[in-house]
Amino acid sequence: MELHWGAATDTGLVRPANEDAVLAEDGLYAVADGMGGHAAGEVASSIALATLRDHLGGGGGASVDSERLTDAIRTANDAVHQRAVDQPRLRGMGTTLTVIAVATSEGGQLRLLLANVGDSRAYLYADGRLRQLTRDHSYVAELVAAGEISAEEALVHPHRHVVTRALGVEPLVAVDTWLVTPETGDRFLLCSDGLVNEVDDDAIAALLANAEDPQDAADRLIVAANAHGGRDNITVVVLDVAGAAPADAAPLEARVVEQALGGWLPAGIGDEFASNATIEVPLTDPSSTATTTTQPRVTTTDREPRRKRRLTGATVIFVALVVAVLVAAFVIVAAYGRSGFYAGFDDGTVAVFQGRPGGVLWFQPTVEERYDLTRDALQPEVVDRIEANPRYSSAGGVARFLDQIADDPDSLLPVVTVPPTTTARTTSTTSTTAESGP
Ligand code: MN
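Predicted model only: the values in this text are computed from it and were never measured.

Student: Kindly report on the packing of aromatic side chains, identifying the contributing residues and their values.
Tutor: Within this structure, the stated rule accounts for six aromatic pairs. With 5.5 Å between their ring centres and 65° between their planes, Phe 330 and Phe 363 make a pair best called edge-to-face. Separated by 33 residues along the polypeptide, Phe 330 in helix H10 (residues 313–337) and Phe 363 in the loop between strand S16 (349–354) and strand S17 (366–374) bring together distant segments of the chain. Relative accessible area serves as the criterion here: at 43%, Phe 330 is assigned to the partly exposed category. A network of ring pairs unites the aromatic residues Phe 330, Trp 362 and Phe 363 as a single cluster. Positioned above the aromatic ring of Tyr 336, the side-chain terminus of Arg 356 is 3.7 Å from the ring centre. The cationic tip of Arg 375 hangs over the ring face of Phe 345; the distance from NZ or CZ to the ring centre is 4.5 Å.

Student: Describe the coordination of the manganese ion, naming the residues involved and giving the relevant values.
Tutor: Around the manganese ion, the protein supplies Asp 33 (OD), Asp 193 (OD) and Asp 232 (OD) as donor atoms, at distances of 2.1 to 2.3 Å. When the donors of the manganese ion are listed by position in the chain, the intervening gaps give D-x159-D-x38-D. Placement of Asp 193 in helix H5 (residues 193–196) and of Asp 232 in the loop between helix H7 (214–227) and strand S11 (234–242) is noted, with a sequence separation of 39 residues between them. The residues Asp 193 and Asp 232 share a single accessibility class, namely buried.

Student: A description of H7 should follow, citing residues and the corresponding values.
Tutor: Spanning 14 residues, H7 covers 20 Å between terminal C-alpha atoms, matching the ideal 20 Å at 1.5 Å per step. Every buried residue of H7 is listed here: Pro 214, Ala 217, Ala 218, Leu 221, Ile 222, Ala 224, Ala 225 and Asn 226. Contact partners of the buried residues in H7: strand S1 (2–10), strand S10 (187–191), H5, helix H6 (201–210) and S11.

Student: Describe helix H12 (residues 395–407), with residues and values.
Tutor: When the terminal C-alpha atoms of H12 are compared, their 18 Å separation across 13 residues agrees well with the 18 Å that a helix rising 1.5 Å per residue should span. Considering only its buried residues, H12 is in contact with strand S15 (341–346), S16, S17, helix H11 (380–387) and strand S18 (391–392).

Student: If you had to explain the sheet that holds S10 to someone new, which residues and values would you point to?
Tutor: Strand order in the open sheet made by the five strands is S1-S11-S10-S7-S8, with antiparallel pairing throughout. Since the sheet does not close on itself, it has two edges, and those belong to S1 and strand S8 (129–132), each with one partner. Across the sheet, the mean angle from the axis of one strand to that of its neighbour is 20°, orientation sign disregarded. Judged from the four bridges that link them, strand S7 (residues 121–126) and S8 form a sheet pairing that is antiparallel. The residue bridging Ala 126 from the neighbouring strand is Arg 129, located in S8. Taken strand by strand, H7 contacts S1, S10 and S11, and its axis lies near 25° from that of S1.

Student: Requested: an account of a negative patch on the surface, with residues and values cited.
Tutor: A contiguous patch of negative charge on the surface is contributed by Glu 368, Glu 369, Asp 403, Asp 407, Asp 408 and Asp 410. At the level of secondary structure, the elements contributing two or more residues to the negative patch comprise S17 and H12. Mapping Asp 407 onto the fold places it in helix H12.

Conventions used here
- Residues numbered from 1 in each chain as written.
- Predicted model: local features only at pLDDT ≥ 70, side-chain atom pairs only at ≥ 80, totals over all residues.
- Heavy atoms only, no water.
- Phe/Tyr/Trp six-rings, centres within 6.5 Å; stacked < 30°, edge-to-face > 60°.
- Helix = DSSP H or I, 4+ residues; strand = E, 2+ residues; numbered from the N terminus.
- Buried < 20%, exposed > 50% of the residue type's maximum accessible area, 1.4 Å probe, protein only.
- Lys NZ or Arg CZ within 6 Å of the ring centre and 35° of its normal.
- Donors = N, O, S within 2.8 Å, 3.2 Å for Na, K, Ca; no water.
- Expected span 1.5 Å × (residues − 1).
- Contact = heavy atoms within 4.5 Å.
- Pairing = 2+ DSSP bridges.
- Axes fitted to C-alpha atoms, helices over the stretch in contact; angles between N-to-C directions.
- Patch = residues over 30% accessible without salt bridge, like charges linked within 9 Å, V, L, I, M, F, W, Y side chains within 5 Å.
- Areas by Shrake-Rupley, 256 points an atom, 1.4 Å probe, with all protein chains shown as cover.
- Salt bridge = Lys/Arg side-chain N within 4 Å of Asp/Glu carboxyl O.
- Lys, Arg positive; Asp, Glu negative; His and termini not counted.
- Charge placed at Lys NZ, Arg CZ, Asp CG, Glu CD.

So this is what it looks like as structure tokens:
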């Protein structure tokens, strides 16, 4: 078995510069899509690929194991990150990285290591079908995975360019890796999002099916992306597997196996990055018709790092809105609960209250003014009128109501003078007579 490759990168029709980078030499193939202002993206992607090349020996059929590849990627992450720390104008720069490296062979069998950070992609075109091998580390991919938007909606989502993982942005980066057993006739594609945002999978599959050799395929993909608008930098590597075919071809599911994390994370960090959750990732299969046939699936282990909670602008606005609504609700309840005045009895004494009888939530009425009148001195129907708690918009309104009562002799019970010698029984009788009087 042997590999033949073709590669191309293009600025596209809109962007002022090409911030993508490409690496293709015997045994090592990579695309990097840099990001960051003031040409920082260009710096990030080129540092990443140069570091990768230095670390893996550079060509000549370099063969690596999973640990060596992830170590090289860690070194590339360090290099980009350190440069951004050293040079303020490059702060925050980063790059995607999708790599295929020829792995150390086991028993003469050719194997490939695939690694990915970010939203550049690796595809495998085999048996007339195109399958996406990598997972995008992007905002829209997470929305699709969460079932919040469809794959079609992701293609036109305004935030489809936002990546959730990139090389060089932070001191550590989690890398997805797979061990792939290639077969004769396989055609691998590495590409930046400038291709897949312009050319859909069906069209990519058709181009890969019809191109004679890998360089021809790479060139045609660039032309197609530009024909659809070329709004981003476009980079592709096409890798063909040629040579004698093995006797029995394994199913694709068995040929692409996601790897456990390499040993490159500092001790203790791995646990934080690794969760044992197992998810199924559907492979893109544009050639299948919309029938009831199930999509081929590869079982992989989810190694998303725990997402850091960041205080985003949207979060700040949301929290501010919630606080504003709560404050407004409090003010409204307070205004309602404390509004108006009414007449009533405070512990048997006639009084003017502010607020609402019984209170509203934690806003209780308060006594504004007491009268020199007690319940005992008033006619029962007057007591009833006051206990009905008539409400007024001002304390003066309540005062006028109560003043009328106070000034009206008919409001009062007749004053009964009880002789000092009268027995308790007599007093009781007199009192009863008086209360039932006119
Ligand atoms: Mn891009």
